[in-house]
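One letter stands for each residue in the lines below.
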Amino acid sequence: MKLHHLIKEFGHIAVEVDGKVYTYGRYGETFNSAGTKGKGNLLIVDKDDYLNYYQKNTNVREFVLNLSEDKEEQIKKYFTEIQKNYNDTFTSPTRNWKGYKLNSKYNYDLTKLNCTIITINSLNTALNEKIPTIIVPKEFAKYLVGRVFAEKMGLKKNNIIE
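The written sequence of each chain sets the order in which its residues are numbered from 1. Where local features are concerned, this predicted model is filtered to residues with pLDDT of at least 70; where side-chain atom pairs are given and counted, the filter is 80 or more; whole-chain, interface and lining totals use all residues. For the side-chain quantities, the full set of heavy atoms in the structure was used; hydrogens and water were omitted.

Draft legend 1. Main features of the overall build of the protein chain. In DSSP terms, a helix is any run of H or I states spanning at least four residues, a strand is any run of E spanning at least two, and both are numbered starting from the N terminus. When you go through the protein chain residue by residue, the secondary structure sums to 5 helices and 9 strands. In sequence order, the secondary structure elements of the protein chain are arranged as β-β-β-β-β-α-β-α-β-β-β-α-α-α. Here the protein chain holds 162 residues, and 46% of them are scored as buried. Sequence-distant contacts, at least 24 apart, represent 61% of the contacts inside the protein chain between residues at least 6 apart. Counting only carbon and sulfur atoms, one obtains 47% of the accessible surface of the protein chain, whose full area is about 8800 Å². The cut-offs for exposure are 20% and 50% of the maximum accessible area for each residue type, with area from a 1.4 Å probe on protein chains only; residues under the lower value are buried, those over the upper are exposed, and the others partly exposed. Any two residues whose heavy atoms approach within 4.5 Å are treated as being in contact. Accessible surface area values rest on a Shrake-Rupley calculation with a 1.4 Å probe, where residue burial reflects the displayed protein chains alone.

Right under this line is the structure:
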């Protein structure tokens, strides 16, 4: 299992399990001019397509987590349950990626429900110890490389690809 952190001003983080990347965000559908709230969308993308697209535009850091198959299945189940909460499907016009427009329970809110919080929630479904709520992807990346978490997850420096 991997986490993909897009290194930009605030960043973005997505979850990869079995070659599929689960990525949550607004993807252009905002409710206010600041872009801090919007329609929550879940995209499920082939890992190679995801990395090929984003590596052209930004640096991507991969965090490899050594989880059991059972824990990975729990994470996939988390995203399957979210996927069931959609109002409509869509295809990204620029990337041809399949997405789900989620119901209002999953509306994007920068401080309450964003890519980082969805990622942490997915991990917390499978982990015995809970990850604290962190809002900004960049800060979550710092947490991931922190020694205590890294040791518990079998994360080693040579497993981090920049």
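Draft legend 2. Here's a closer look at the nonpolar core. Nonpolar core, defined: a set of buried Ala, Val, Leu, Ile, Met, Phe, Trp, Tyr and Cys residues in which side-chain atoms within 4.5 Å join the residues together. Met1, Leu3, Ile75, Phe79, Ile82, Leu123 and Phe140 are the most contacted members of the largest nonpolar core, which has 32 residues in total. For this core, the elements supplying multiple residues, two or more each, are β2 (12-17), β3 (20-25), α2 (69-83), β8 (98-102), α3 (115-124) and α4 (137-145). Those residues in contact with Ile75, other than ones at most four positions away along the chain, are Met1, Val15, Val17, Leu67, Ser122, Leu123, Thr125 and Ala126. By size, the runner-up hydrophobic cluster in this structure holds 11 residues, among which are Val21, Leu43, Leu51 and Val60.

Draft legend 3. Quick peek at the confidence of the model for the protein chain. When the pLDDT values of the protein chain are averaged, the result is 84; 88% of them are 70 or greater. Confidence scores differ between elements of the protein chain, with helix α5 (residues 147-153) showing the lowest mean pLDDT of 60 and α2 the highest of 95. As a per-residue measure, pLDDT reflects the predictor's confidence and takes values from 0 up to 100. Below pLDDT 50 for its whole length, residues 157-162 participates in 14 contacts with residues either more than four positions away or in separate chains.

Draft legend 4. Local environment of the pairing of β2. Buried residues dominate β2, accounting for 6 of its 6 residues. Of the two faces of β2, the one carrying His12, Ala14 and Glu16 and the one carrying Ile13, Val15 and Val17 are both buried. DSSP bridges decide pairing: two strands pair if at least two such bridges lie between them. Alignment of strand β1 (residues 2-7) against β2, held across 5 bridges, turns out to be antiparallel. In the strand pairing of β2, Lys2 is matched with Glu16. Note that β2 and β3 share 3 bridges and pair antiparallel. Following the sheet pairing, Val15 is matched in β3 by Tyr22.

Draft legend 5. Main features of the side chain of His4. With respect to the helices and strands, the residue His4 is situated in strand β1. The buried category is assigned to His4, whose relative accessible area is 0%. Each polar contact in these results corresponds to two N or O atoms within 3.5 Å; when the atoms are within protein, one needs to be able to donate a hydrogen and the other to accept it, and residues that are neighboring in sequence are counted only if both atoms are side-chain atoms. Looking at His4, its side chain comes within polar contact range of the side chain of Glu16, at 2.7 Å. Excluding residues that lie within four positions of it along the chain, His4 makes contacts with His12, Ile13, Ala14, Glu16, Val21, Tyr50, Leu51, Val60, Arg61 and Glu62.

Draft legend 6. Representation of α4. Within α4, the full set of buried residues consists of Pro137, Phe140, Ala141 and Leu144. Within α4, the buried residues cover an arc of 105° as seen down the axis, which keeps them to one side. The directions from the helix axis to the C-beta atoms form the arc being described.

Draft legend 7. Representation of the sheet that holds strand β6 (residues 59-64) within the structure. Spatially, 7 strands are ordered β6-β1-β2-β3-β5-β8-β7 in an open sheet, and the strand pairing comes out antiparallel. The strands lining the two open edges of the sheet, one partner per strand, are β6 and β7 (86-91). Strand-to-strand, the axes of this sheet are offset by a mean angle of 25°, without reference to chain direction. Docked against the sheet, α2 engages β2, β3, β5 (41-46), β7 and β8, running at close to 115° with respect to β2. Under this scheme, a helix contributes an axis fitted over its contacting stretch, all axes are lines through C-alpha atoms, and angles between N-to-C directions fall in the 0 to 180 degree range.

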